[in-house]
Amino acid sequence: MDPERTPLDGTSDSIQATPHVGGDPAGGDHDADEVVGADQRLPAAPPERMRELLPALEPERRITDWGRSERVEAILDRTLVDFYYRYWFRCEVEGIENVPSEGGALLVSNHSGALPPDAAVIARAIREEHRDPRPLHITVEHFFKGFPGFAALIPKIGGVPAHPANVHRLLYDERQLVLVFPEGRKGTEKTYNQRYRLRRFGRGGFVEAAARAGAKLVPVCVVGAEEAMPTFAQVNFLKRLTGLLYFPITPTFPWLGPLGMLTYLPAKFRLRFLEPIDTTSIELEPAPDTAQVQTVAQDVRARIQENLDEMLAARRSVWFG
Amino acid sequence: MSVRGEIGEEVAGAAAAPHRTRRVLITGLSTYWGGRLAEALEAHPEIEAIVGVDSSEPTRELERTEFVKVGNQHSLIGRIVRAAELDTVVDTRLVVNSFVTSPQLAHENNVIGTMNILTACGGADSPVRKFVFKSSSHYYGCEHDDPAFFTEEMSRPHPPRTAIERDVVEAEAGVAEFADRRPEATVTVLRCVNVLGPDVLTPHTRMFALPLVPMVLGFDPRSQFVHEDDVVRALEHAVFNHTPGVYNVAADGVLALSEVIGLLGKRPLPVLPPWGTGAIAGPLRRLGFRIPDEMVNQLRFGRGVDNRRLKATGFRYEYTSREAVLKLGEHLRLHPVVRETERSYTYEKEVEEFLRWSPHVRRGRSGEEPFGL
């Protein structure tokens, strides 16, 4: 989001994390004849005040302002997610206490599988295992908001387009849990022979987002998703033909059609939540310190990779753990 | 700043000081918003003069507002502003539906008209100390990679796609330039989201009046509304308070379109194709359902805005988005029953002038309707 550069642009710092209150109040005690001056702005309201002004969810509503539907989520949770989590993947979770019980936190995970099961499993793990279960907002590519079907469904089950402003509002204003996959599409389109090798972690945007919001980073490692839906090849011309992000060849897709996207192999899932990383030391003013941001991003990536390797070394069987 | 948690009061206190609105010019008096605002301002005795200009005659019955029939010629409006020493100008003319007029006329009104009015309010001898501009959230556009909540300082991520969006962006650029050039004037821009209400006619109210509400297959767009009364109150708020800058005017709550249809007690009809929705607009128009260009993408992605900045100045919305939808639903059910009894108003120049200026009209008798209409 580029800040608009007009004199009307009031509180351009309202999006930032710093509780900075802009300049001198333009109001005050001058009369009509006095020139207000070039700085025609009202002072920015303090962040606590802006937080109070967030619209409350009306009790009659069953869909949040993010489009999350209690009903759709509950139906899915009771059926598909429950089946996969409990019986098919037999998820085991460690370190769930590293997910904070309150305040904003940004969960960072490795990403895999053509239609990745990892997001749903992490969300379920927090609902199931955490002592204060909280909803998890999952950032998804903008692509899905433009693709019919996904566009209607994804917000209903907790997906939020991965726009920096969305992440900031969730982390900073609403103090929620947000899950990002910094590898993005590069993670899910990699083929089976590259399994558990982390891709580049974007451009460190997730670190900056967390730092601006003053939120902690919680690295998450997921083992099992790579084997649950291994991708053998990517077919480029079919990708262009269908307008999808990628067109994978998996054991079940495209052979079973769209259903093949939801059919996973019964790999054993293990989740590990690592200790939170503080981002408050990152310099944000006047501009974010890119060196620091990159260092933290590298650090998070290295810790996830290390733990993945450790978990893989300890794993005796792909299917039984 | 010492005040914390009570910025509303702080601003209200500041508002009284910088500039007290006494004499108001409403451009676009004959539009729905111009008429509603004039009605609202007439109730304030501290407003000495309300002058309205428009190229067509007023559509609402007004008591003390002076109507001057004039187009968008800046020299004429400039003379009115100076002669009447109008200190506040509220511009309500912006056309935000492409179906009310042709793109050329809309451009003429939105961009050239705004420029002329700003010119009329400018100049070294201008008495104007406050300029309020009713804009639209079409400013932000509607794309798949939009943020979920636009804040006022965000610019649109893509260049405007439709004529109306282009007009809104250009008109606002003119207003921003005016604010730059005239630091002694307080300039307020109100970006309203789609309005719902019993009186106002918008593409959305038309769509919701259909027995089956069309949707684009596979999409459930974000829908945020504001009740018509809240828009009038926001304009009033800007007239009486010190609110420089841009403000989104949108009720609390962003609904999904399917949720809206449910609240209205209607059924969705997901028949519009997800690709080439614009192309099907032609045949649909023949069937009596017109989708304006700027609404096509809204039916796909929708739009939400952050409404906290206006609330931070002390403004309170009476309706949430959900309540605005429910009110519209009530109206849609009641309308066929009461349609016959609704009276219409026609402006008669001679009558209005007689009522305002004739020495024979008895004014100011308490509890008595002076006009006996």
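None of the values given here were measured: they were computed from a predicted structure.

## Let's talk about the overall build of chain B
Consideration 1: Scanning chain B from terminus to terminus reveals 13 helices and 13 strands.
Consideration 2: Radius of gyration (C-alpha) of chain B: 21 Å, near the 21 Å computed for a compact globule of 373 residues.
Consideration 3: Taken over the C-alpha atoms alone, chain B extends approximately 65 × 55 × 45 Å along its principal axes.
Consideration 4: Evaluated residue by residue, chain B yields a buried proportion of 59% over its 373 residues.
Consideration 5: Taking all contacts inside chain B whose residues are at least 6 apart in sequence as the whole, residues at least 24 apart take part in 78%.
Consideration 6: Within the structure as shown, chain B displays about 15,400 Å² of accessible surface, and the carbon and sulfur contribution to it stands at 53%.

## Some points on the packing of helix H2 (residues 32-42) of chain B against helix H7 (residues 228-240) of chain B
Residue and element names in this part refer to chain B.
Consideration 1: Interaxial distance between H2 and H7 falls to 10 Å at its minimum, and their mutual angle equals 60 degrees. Classified by the interaxial angle, the pair formed by H2 and H7 is oblique. The chirality of how H2 crosses H7 is right-handed. Here H2 contributes Tyr32, Trp33, Arg36, Leu37, Ala40 and Leu41 to the contact with H7, which in turn contributes Glu228, Asp229, Val231, Val232, Leu235, Glu236, Val239 and Phe240.

## Overview of helix H8 (residues 205-213) of chain A
Residue and element names in this part refer to chain A.
Consideration 1: When we look at burial in H8, the residues that qualify are Phe206, Val207, Ala209, Ala210, Ala211 and Ala213.
Consideration 2: In this structure, the buried side of H8 is in contact with strand E2 (105-109), helix H6 (164-173), strand E5 (177-180), strand E6 (216-223) and helix H11 (290-314).
Consideration 3: At the exit of H8 stands Gly214, carrying a positive phi of roughly 65 degrees.

## Details of the environment of Thr65 of chain B
Residues and elements named next belong to chain B.
Consideration 1: Tracing the backbone through its elements, the reader meets Thr65 in the loop between strand E2 (49-54) and strand E3 (66-69).
Consideration 2: Residues contacting Thr65, with those up to four places away along its chain left out, are Leu29, Ala38, Glu42, Ile50, Val51, Gly52 and Arg356.
Consideration 3: A distance of 2.7 Å separates the side chain of Thr65 from the side chain of Glu42, its partner in a polar contact.

## Focus on the sheet that holds E5 of chain A
Residue and element names in this part refer to chain A.
Consideration 1: Spatial strand order, E1-E9-E6-E2-E5-E3-E4: seven strands in an open sheet with mixed pairing. Each edge of the open sheet is held by one strand with a lone partner, namely strand E1 (92-94) and strand E4 (159-161). Neighbour-to-neighbour, the strand axes of the sheet open up by a mean angle of 25 degrees, direction not taken into account.
Consideration 2: Bridge count for E6 against strand E9 (residues 270-273) is four bridges, and the pairing is antiparallel.

## Some words on the packing of aromatic side chains
Consideration 1: With the rule as written, the count across this model stands at 24 aromatic pairs over all chains.
Consideration 2: Relative to Phe149 of chain B, the ring of Trp66 of chain A has its centre 5.0 Å away and its plane inclined at 80 degrees; by these criteria the two rings are edge-to-face. Of this pair, Trp66 of chain A sits in the loop between helix H1 (47-52) and helix H2 (70-88) while Phe149 of chain B is found in the loop between strand E5 (130-136) and helix H5 (163-181), placing the two residues in two different chains. With respect to class, Trp66 of chain A is no different from Phe149 of chain B; both count as buried.

## Topic: the sheet that holds strand E6 (residues 186-192) of chain B
Residues and elements named next belong to chain B.
Consideration 1: If you walk across this open sheet you meet the seven strands as E3-E2-E1-E4-E5-E6-E11, and the pairing is parallel. Looking at which strands have only one partner, the edges of the open sheet turn out to be E3 and strand E11 (245-249). On average, each strand axis in the sheet is tilted by 20 degrees relative to the strand beside it, whichever way the strands run.
Consideration 2: In the sheet, strand E1 (residues 23-27) pairs with strand E4 (residues 88-91) via four bridges, with the strands oriented parallel. When the bridges of E4 are listed, Leu25 appears paired with Val89.

## Let's talk about unusual backbone geometry
Consideration 1: A cis amide bond, omega 0 degrees, links Phe253 of chain A with the succeeding residue Pro254 of chain A.
Consideration 2: Here the amide bond leading from Glu285 of chain A into Pro286 of chain A is cis, since omega sits at 0 degrees, within 30 degrees of zero.
Consideration 3: Relative to the assigned elements, Pro286 of chain A resides in the loop between E9 and H11.
Consideration 4: Backbone geometry at Tyr196 of chain A places phi at a positive 60 degrees, although glycine is not the residue there.
Consideration 5: Note that Tyr196 of chain A resides in the loop between helix H7 (185-188) and H8.
Consideration 6: Its identity as a non-glycine residue notwithstanding, Glu85 of chain B has a phi of 50 degrees, on the positive side.
Consideration 7: Inspection of the secondary structure puts Glu85 of chain B in the loop between helix H3 (74-83) and E4.

## Side note on the pattern of salt bridges
Consideration 1: Following the criterion strictly, the structure yields 51 salt bridges over all chains and no others.
Consideration 2: Among the ionic pairs, Glu58 of chain A bridges to Arg322 of chain B, the shortest N-O distance being 3.2 Å. Taken together, the residues span two chains, with Glu58 of chain A in the loop between H1 and H2 and Arg322 of chain B in helix H12 (residues 321-338). Of the two residues, Glu58 of chain A and Arg322 of chain B, neither departs from the other in class, the shared state being buried.
Consideration 3: In this structure, Glu174 of chain A engages Arg169 of chain A in a salt bridge whose closest nitrogen and oxygen atoms are separated by 3.4 Å.
Consideration 4: On the accessibility criterion, Glu174 of chain A (23% relative accessible area) is partly exposed.
Consideration 5: Look at the salt bridges and you will find they share partners, linking Asp77, Asp82, Arg86, Arg124, Arg127 and Glu128 of chain A into a network.

## Side note on the environment of Ala210 of chain A
Consideration 1: Relative to the assigned elements, Ala210 of chain A resides in helix H8.
Consideration 2: In this structure Ala210 of chain A touches Leu106, Leu171, Ala215, Leu217 and Thr279 of chain A, once residues within four positions along its chain are discounted.

## With respect to the pairing of E4 of chain B
All names here are of chain B.
Consideration 1: The side-chain alternation of E4 yields two buried faces, one formed by Thr88 and Val90 and the other by Val89 and Asp91.
Consideration 2: Here four bridges tie E4 to E5, and the two strands are oriented parallel to one another. Among the inter-strand pairings, Val90 is bridged to a residue of E5, identified as Val132.
Consideration 3: Regarding topology, helix H4 (residues 103-121) serves as the crossover connection from E4 to the parallel E5, and that connection is right-handed.

## With respect to a nonpolar patch on the surface
Residues and elements named next belong to chain A.
Consideration 1: A cluster of nonpolar residues, Trp255, Leu256 and Leu259, forms a patch on the protein surface that exposes about 370 Å² of accessible area.
Consideration 2: Inspection of the secondary structure assignment puts Leu259 in the loop between strand E8 (248-249) and E9.
Consideration 3: Its relative accessible area of 57% is what places Leu259 among the exposed residues.

## A few points about the pairing of strand E3 (residues 136-140) of chain A
Residues and elements named next belong to chain A.
Consideration 1: Within E3, five of the five residues are buried, which leaves the element mostly enclosed by the surrounding structure.
Consideration 2: Burial along E3 is two-sided: Leu136, Ile138 and Val140 and His137 and Thr139, pointing in opposite directions, are all buried.
Consideration 3: The pairing of E3 with E5 spans three bridges and is classified as parallel. Paired with His137 across the two strands is Val178, which belongs to E5.
Consideration 4: When E3 meets E4, the two strands line up parallel, connected through three bridges.

Parameters at a glance
- Residues numbered from 1 in each chain as written.
- Chains lettered and ligands numbered in written order.
- Predicted model: local features only at pLDDT ≥ 70, side-chain atom pairs only at ≥ 80, totals over all residues.
- Heavy atoms only, no water.
- Helix = DSSP H or I, 4+ residues; strand = E, 2+ residues; numbered from the N terminus.
- Rg over C-alpha atoms; globule rule 2.2 N^0.38 Å.
- Buried < 20%, exposed > 50% of the residue type's maximum accessible area, 1.4 Å probe, protein only.
- Contact = heavy atoms within 4.5 Å.
- Areas by Shrake-Rupley, 256 points an atom, 1.4 Å probe, with all protein chains shown as cover.
- Axes fitted to C-alpha atoms, helices over the stretch in contact; angles between N-to-C directions.
- Parallel < 35°, antiparallel > 145°, perpendicular 65-115°, else oblique.
- Left-handed = near helix turned anticlockwise from the far one by under 90°.
- Polar contact = N/O pair within 3.5 Å; in protein donor to acceptor, adjacent residues only side chain to side chain.
- Pairing = 2+ DSSP bridges.
- Phe/Tyr/Trp six-rings, centres within 6.5 Å; stacked < 30°, edge-to-face > 60°.
- Salt bridge = Lys/Arg side-chain N within 4 Å of Asp/Glu carboxyl O.
- Right-handed = clockwise from strand over helix to strand, strands pointing away.
- Patch = residues over 30% accessible without salt bridge, like charges linked within 9 Å, V, L, I, M, F, W, Y side chains within 5 Å.

Distances and angles like these do not, on their own, reveal function.
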